[in-house]
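A look at the structure
Chain by chain, the residues run as shown.
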Number of protein chains: 2
Amino acid sequence: MSNEHLIEKTVSSKTIYEGKIIDLTLHTVQLPNGKEAQREVVLHPGAVTVLALTEKDTILLVKQFRKATERVLVETPAGKLERGENPLESAKRELEEETGYVASEWKHLASFYTSPGFADELMHAYVATGLTLKQQNLDEDEFIDVFEVTADQALQMIVDGEIYDAKTLTCVYWWLRERALQGKA
Amino acid sequence: MSNEHLIEKTVSSKTIYEGKIIDLTLHTVQLPNGKEAQREVVLHPGAVTVLALTEKDTILLVKQFRKATERVLVETPAGKLERGENPLESAKRELEEETGYVASEWKHLASFYTSPGFADELMHAYVATGLTLKQQNLDEDEFIDVFEVTADQALQMIVDGEIYDAKTLTCVYWWLRERALQGKA
């Protein structure tokens, strides 16, 4: 079925803010019923995240303070795309910078919008295996702890509300399902 | 271990924009190493989403145009929290408004930040069962198609890139894992 009856056409747009990481734009749109409405849209360069599986049947997680949430969050290693950067190359770079690991095998897990109600951030998730530890190399304003968890520990952290991040839940539930299909509940 | 070595303290904050749904603030923070940095933060009221399981072993999905992404997206029913609204009450309201269904049983699935790198949006996900169809009641600026998919169809939509949204992937992978644990691969 065509989606034409759902689409909002832009009447006019203006830029409210151009920042270091995000821009904010305001759109006047024509709704499918012909009426007009306002849409606030945050523009973001896109991002990557990595489910890094070790030979010990654990995954790598990072702990970092997220100013927007005023909390330290536990997440899969992740970062923003740099201008013109290929998502897979970005994922390789971020995994090495944040954790010090490089991986010999990479597979696309999923791509998804994180907050489609107000932002265009598109996140690309990869599964990385064949890990070798090299050297962590954080940006000068990044402060990150790296650790490993088993599937049981990851599940317990979800139950306990210690994993509290959409991309991380997507990756971990994907992993837990793969394990369940293999009889490793 | 204490997280003190990760925390960024606010030095000053200013509001760049106060909008209908989001606000934009700019924070100067002191990093753990004493240096200063800027953090752009989008404030959002929070949101809910619902994995609604029917007696036919399908889930309800909605299709809607998302201006921020300039695409029609397939998502679990979702919406913003209204001021002072309890998340579970919001989930019940959104499910009925968007799909016309009410549910007799509700369970918390997970809560998560959607974009912790730049936004404080906290999403609460619920599983709803015992569905009864009443009356869809959309906001005047909402245009939504409702449909049902089986687990196989949902999985195929992920593989085909037709489900492209973090909360929906979190909910669907959770469901697929539960099914795998029950031997319903």
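Residues numbered from 1 in each chain as written. Chains lettered and ligands numbered in written order. Predicted model: local features only at pLDDT ≥ 70, side-chain atom pairs only at ≥ 80, totals over all residues. Heavy atoms only, no water.

1. Some details on the relation of the copies chain B and chain A
Superposition of chain B onto chain A requires a rotation of 180° combined with a translation of 0.0 Å along the rotation axis, giving an RMSD of 0.0 Å. Those values place the two copies in the arrangement expected of a two-fold rotation axis. Mapped onto chain A, 100% of the interface residues of chain B are again interface residues, and the two copies thus contact each other with one and the same surface. (Least-squares fit on C-alpha atoms with pLDDT ≥ 70 in both. Contact = heavy atoms within 4.5 Å.)

2. Observations concerning the packing of helix α2 (residues 151-159) of chain A against helix α3 (residues 166-181) of chain A
Residues and elements named next belong to chain A. Viewed as axis vectors pointing N to C, α2 and α3 meet at an angle of 135°, and their least axial separation amounts to 11 Å. As summarised for this structure, α2 and α3 are arranged oblique, according to the angle between their axes. Between α2 and α3 the crossing geometry is left-handed. On the side of α2, the interface is formed by Ala151, Ala154, Leu155 and Ile158, while α3 contributes Leu169, Val172, Tyr173, Trp175, Leu176 and Arg179. Counted by class, the contact of α2 with α3 contains nine nonpolar, no polar and one charged residues. (Axes fitted to C-alpha atoms, helices over the stretch in contact; angles between N-to-C directions. Helix = DSSP H or I, 4+ residues; strand = E, 2+ residues; numbered from the N terminus. Parallel < 35°, antiparallel > 145°, perpendicular 65-115°, else oblique. Left-handed = near helix turned anticlockwise from the far one by under 90°. Nonpolar A, V, L, I, M, F, W, Y, C, P; charged D, E, K, R; others polar.)

3. A look at the UniProt feature "domain: Nudix hydrolase" (unreviewed entry) in chain A
Mapped onto this structure's residue numbering, the UniProt feature "domain: Nudix hydrolase" (unreviewed entry) falls at residues 42-171 of chain A. Taken end to end, residues 42-171 of chain A has its terminal C-alpha atoms 24 Å apart, with 22% of it in helix and 44% in strand. (UniProt positions renumbered as here; feature names shortened; annotations may be inferred.)

4. Overview of the pairing of strand β6 (residues 71-75) of chain B
Judged from the five bridges that link them, strand β5 (residues 59-66) of chain B and β6 of chain B form a sheet pairing that is antiparallel. By the bridge assignment, phenylalanine 65 of chain B is partnered in β6 of chain B with valine 72 of chain B. (Pairing = 2+ DSSP bridges.)

5. Some thoughts on the sheet that holds strand β8 (residues 101-113) of chain A
All names here are of chain A. Reading across the sheet, the four strands line up as β7-β4-β9-β8 and stay open at both edges, with mixed pairing between neighbours. A single partner strand is all that each edge strand has here, and the edge strands are β7 (78-80) and β8. Between one strand and the next, the sheet's axes are offset by a mean angle of 25°, whatever the strand orientation. Here strand β4 (residues 47-52) runs beside β7; their pairing, made up of three bridges, is antiparallel. Along β7, the bridge assignment pairs threonine 49 with alanine 78.

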